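Inside the fold
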Amino acid sequence: MTLRGGLVGLNIEEPAGQLHVKGSDTTDQIIIENTTNSSTTAPDLVLYKSGTIATGHQPGRIDFRGRNAADNANVTYAGIFAEVTGTSNLAENGALKFYTVQSGTLSEAARITESGHYKLQADKGIDFSNQTALAGKTYEIFDHYEEGSCLLYTSDAADEGLGVDLGGRRII
């Protein structure tokens, strides 16, 4: 264990964060275990931002990072960000944003809004193109949505994969 100026390193001599754990094995590197036998208690991981928080702030995020193929740069390949969307007392709001990287740029792909709706960003969608198990089958992807149900299906017909309108009809 290394202690350097308020930084703690496990298996690393120069920690890059307040807690830096480094390992080269294939086992779990961090385990949070709760041994209480209760249906209301579980291991908790809390990301907490103290101090004043405002709309647009991120109280927590998870980055999925690794080295690129040339091994000369750290790249964040995906991320999950929490975002504050309202701060009025007893009426606070937050959203969960999902990011992916394409051609070297990390951008928002989807979000769960403060009202619980799942929102795809512009030019994003659901891609079933490599799902051979879907041929000729009907799959319900939205059930009991505000405006009703929406069925999405594919077929073995020549128009397969072109699209579906909200009425469940093929778009030709």
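Please refer to the structure higher up on the page.
An account of the accompanying structure is given in this report. (Residues numbered from 1 in each chain as written. Predicted model: local features only at pLDDT ≥ 70, side-chain atom pairs only at ≥ 80, totals over all residues. Heavy atoms only, no water.)

1. What to know about the overall build of the protein
Each helix and strand counted, the protein has zero helices and 10 strands in total. Secondary structure elements of the protein occur, N-terminal to C-terminal, as β-β-β-β-β-β-β-β-β-β. Intrachain contacts of the protein at a sequence separation of at least 6 include 12% that bridge at least 24 residues. Taken as a whole, the protein presents about 13300 Å² of accessible surface, with 50% of it coming from carbon and sulfur. (Helix = DSSP H or I, 4+ residues; strand = E, 2+ residues; numbered from the N terminus. Contact = heavy atoms within 4.5 Å. Areas by Shrake-Rupley, 256 points an atom, 1.4 Å probe, with all protein chains shown as cover.)

2. A word on unusual backbone geometry
One non-glycine residue with positive phi stands out, namely N11, at about 70°. Within the secondary structure, N11 is located in the loop between β2 (7–10) and β3 (19–21). One non-glycine residue, L90, lies in positive phi territory at about 65°. Here L90 is to be found in the loop between β5 (74–86) and β6 (93–102). The class of L90 is exposed, set by a relative accessible area of 78%. (Buried < 20%, exposed > 50% of the residue type's maximum accessible area, 1.4 Å probe, protein only.)

Keep in mind that these numbers describe shape and distance, not what the molecule does.
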